[in-house]
Amino acid sequence: MHRFDRCLIHAGMPKTGTTSLQTFFAVNRKALLARGALYPAALGWRNHVRLAAALHPTPTPQLKLAIAETGAADVADLRARLEGGLEEEVAAACAEADSAGRKRPDTLVLSSEFFWSMPEGGALLQALADWVAARADRAEVLIYLRRQDAFAVSMASTRARDGEPGEGFAAPIFPETPRRAYRYPRCLGGFRDAFGRDAMTLRLFAPADLVGGDVIPDALATWDLGPEAGLI
C-alpha cells in the first residue's frame, strides 16, 4: 500500500462537534483529496467507528453493528473487508493524482469519537497506533476537551431526545463512576502511551479558544489542511 507522510487522528471527545467535523470531512472528501488529504470512505462514510470496532481487543456493540452493516462473517472478515476497501481507495486516489499531474496524497485522516470513549481504551489505542505505523511515517492526534459538567448535561440531553432513560445527568461526573469517558487523565494517558505526548494536540471546546470560534476552521488550522474557503 502507498505510504503516507502523516496520519491525522481526530479522536473526539464526544459532544465536541464531532459529527459536524466528520460530516465536513465527508462532504469535502474530493476537495480535501486535491489538497493531498484522504478521508477514507472505506472505513465509514462519515465516522470511522468500524475501524475502532475491528481493532478493539474484545467484542463491542459497535462491532456487532459493523458486522451487520458490512455483511462480514466475523471480526477477521470485517478487518479484511476494511483493509481491502482502503487499499482500493488509496490506489484509486493515487491513480487520479498521477492522471491529474499532482502529487499523491501524503495525509491520511481518521475520525471517530469511539477512539476516546470505548472501554479498555489502552489496548485499542495501541492497536490503532500499530495500524497507523504500518501506513504512515508519523501520527498526529487531535482531541477536543469539554468540561465534564457540560459534557454530562449534553449527554443527558441526547439521551432524553432519543428516549433513553440514562443515569441522570449528574451521576457520570463523579470520580467513582465507571464511565471511562469522563476520566480525562486516564483517557489522555492511553493516547500518550500509544502515540507519545509529542504527537498529541489538545484543544478546549469553547468558542473563544477555537480558531474562527468553531471546530471546523480550528481543525483545518491545527492540521494545516488549507483554508475553509472553497469548501462546503
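See the structure printed just above.
Residues numbered from 1 in each chain as written. Predicted model: local features only at pLDDT ≥ 70, side-chain atom pairs only at ≥ 80, totals over all residues. Heavy atoms only, no water.

A.B. asks: Even after reading the chapter, I still don't get the side chain of Arg6, so can you show me in this structure?
C.D. replies: Locating Arg6 in the fold gives a position in strand β1 (residues 4–10). At a separation of 3.0 Å, a polar atom in the side chain of Arg6 contacts the side chain of Thr107. Apart from the residues within four sequence positions on either side, Arg6 is in contact with Asp106, Thr107, Leu108, Ala136, Arg138, Glu140, Trp223, Asp224 and Leu225. (Helix = DSSP H or I, 4+ residues; strand = E, 2+ residues; numbered from the N terminus. Polar contact = N/O pair within 3.5 Å; in protein donor to acceptor, adjacent residues only side chain to side chain. Contact = heavy atoms within 4.5 Å.)

A.B. asks: Teacher, can you tell me more about the environment of Asn47 here?
C.D. replies: Its place among the elements puts Asn47 in the loop between β2 (37–38) and α3 (49–55). A relative accessible area of 17% places Asn47 in the buried class. C-alpha separation for the pair Asn47 and Val75, spaced 28 residues apart in sequence, amounts to 18 Å. Not counting residues within four places of it along the chain, the set of residues in contact with Asn47 comprises Gln22, Ser111, Ser112, Glu113 and Phe114. There is a polar contact of 3.0 Å between the side chain of Asn47 and the side chain of Glu113. (Buried < 20%, exposed > 50% of the residue type's maximum accessible area, 1.4 Å probe, protein only.)

A.B. asks: Any chance you could explain the layout of surface pockets here in plain terms?
C.D. replies: Over the atoms rolls a probe the size of a water molecule, and in doing so it shows where empty space is left. Size it by volume and the second largest pocket reaches roughly 250 Å³. Around the second largest pocket, the lining residues are Gly44, Trp45, Arg46, Asn47, Val49, Arg50, Pro61, Gln62, Leu65, Ala66, Glu69 and Phe114. Residue assignment for the lining of the second largest pocket shows that the elements contributing at least two residues are α3 and α4 (61–70). Considering each element in turn, the lining of the second largest pocket owes the most residues, five residues, to α4. The class makeup of the residues in the lining of the second largest pocket is six nonpolar, three polar and three charged. (1 Å grid on protein atoms, 1.4 Å probe; cavity = no way out; pocket = protein on both sides within 12 Å on 5 of 7 lines; lining within 4 Å. Points joined across faces, edges and corners; volume = space filled by probe spheres on them. Nonpolar A, V, L, I, M, F, W, Y, C, P; charged D, E, K, R; others polar.)

A.B. asks: Which parts of the structure should I look at to understand the sheet that holds strand β3 (residues 107–111)?
C.D. replies: By way of backbone hydrogen bonds, the strands of a sheet pair with one another, either parallel or antiparallel. Across the sheet, five strands lie side by side as β2-β3-β1-β4-β5; this open sheet has parallel pairing. The strands lining the two open edges of the sheet, one partner per strand, are β2 and β5 (200–204). Where β1 meets β3, five bridges bridge the pair, whose relative direction is parallel. When the bridges of β3 are listed, His10 appears paired with Ser111. Against the sheet, helix α10 (residues 215–223) engages β1, β3, β4 (136–145) and β5, with an angle of about 150 degrees to β4. (Pairing = 2+ DSSP bridges. Axes fitted to C-alpha atoms, helices over the stretch in contact; angles between N-to-C directions.)

In short, the description is geometric, and any link to function would need to be established separately.
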